[in-house]
Amino acid sequence: MNTTSLVDLIAEETGQTKAETEATVNAALRIIRGSVASGEAVRLPDFGTFEARHVSDRDQRNPQAGDPINDVKVVKFSPAEVFRKEINRRL
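Now for a quick tour of the structure. (Residues numbered from 1 in each chain as written. Predicted model: local features only at pLDDT ≥ 70, side-chain atom pairs only at ≥ 80, totals over all residues. Heavy atoms only, no water.)

1. Focus on a nonpolar patch on the surface
What counts here: What makes a patch is a set of residues exposed beyond 30% relative accessible area and free of salt bridges, joined within 9 Å when like-charged and within 5 Å when nonpolar (Val, Leu, Ile, Met, Phe, Trp, Tyr). To be clear on the numbers: accessible area is Shrake-Rupley with a 1.4 Å probe, and residue cover counts the displayed protein chains and nothing else. By convention in these notes, a salt bridge is any Lys or Arg side-chain nitrogen within 4 Å of a carboxyl oxygen on Asp or Glu. Strands here are runs of E lasting at least two residues and helices are runs of H or I lasting at least four, both read from the DSSP assignment and numbered beginning at the N terminus. Any residue under 20% of the maximum accessible area for its type is buried, any over 50% is exposed, and the rest in between are partly exposed; the area is computed with a 1.4 Å probe on protein chains only.
Judged by side-chain polarity, Met-1, Leu-6 and Leu-9 come together as a nonpolar surface patch covering roughly 330 Å² of accessible area. With respect to the helices, strands and loops of the structure, Met-1 is situated in the segment before helix H1 (3-14). A relative accessible area of 76% means that Met-1 is categorised as exposed.

2. Some thoughts on the sheet that holds strand S3 (residues 72-79)
Going by this rule: Paired strands, as defined in this entry, are two strands with at least two bridges between them according to DSSP. Helix axes are fitted only over the stretch in contact, all axes being lines through C-alpha atoms; the angle between N-to-C directions runs from 0 to 180 degrees.
With antiparallel pairing, three strands are arranged side by side in an open sheet as S1-S2-S3. Sheet topology places strand S1 (42-44) and S3 at the edges, where each strand pairs with a single neighbour. This sheet shows a mean twist of 25° between the axes of neighbouring strands, independent of strand direction. Across eight bridges, the pairing between strand S2 (residues 48-55) and S3 is antiparallel. Opposite Glu-51, over in S3, you have Lys-76 as the bridge partner.

And the structure:
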């Protein structure tokens, strides 16, 4: 699924126009990105948690540039228990 199909499904379910739905989806994603980038965890009940985690130096190099990999932050998503159970039920 991509953003366009998500917007289409939400618009159909809520009765909003696609333009309104797209603006809402984009705003929600922008707020989530901004919150996680500033170090705040974003917890969505029955869905999961997005948070930035620190990854320390590793004795590795970027294969394209050859530069060493330094301390970085990565985004981690942890699904909520309800979400995890739903996925496993459908397998």
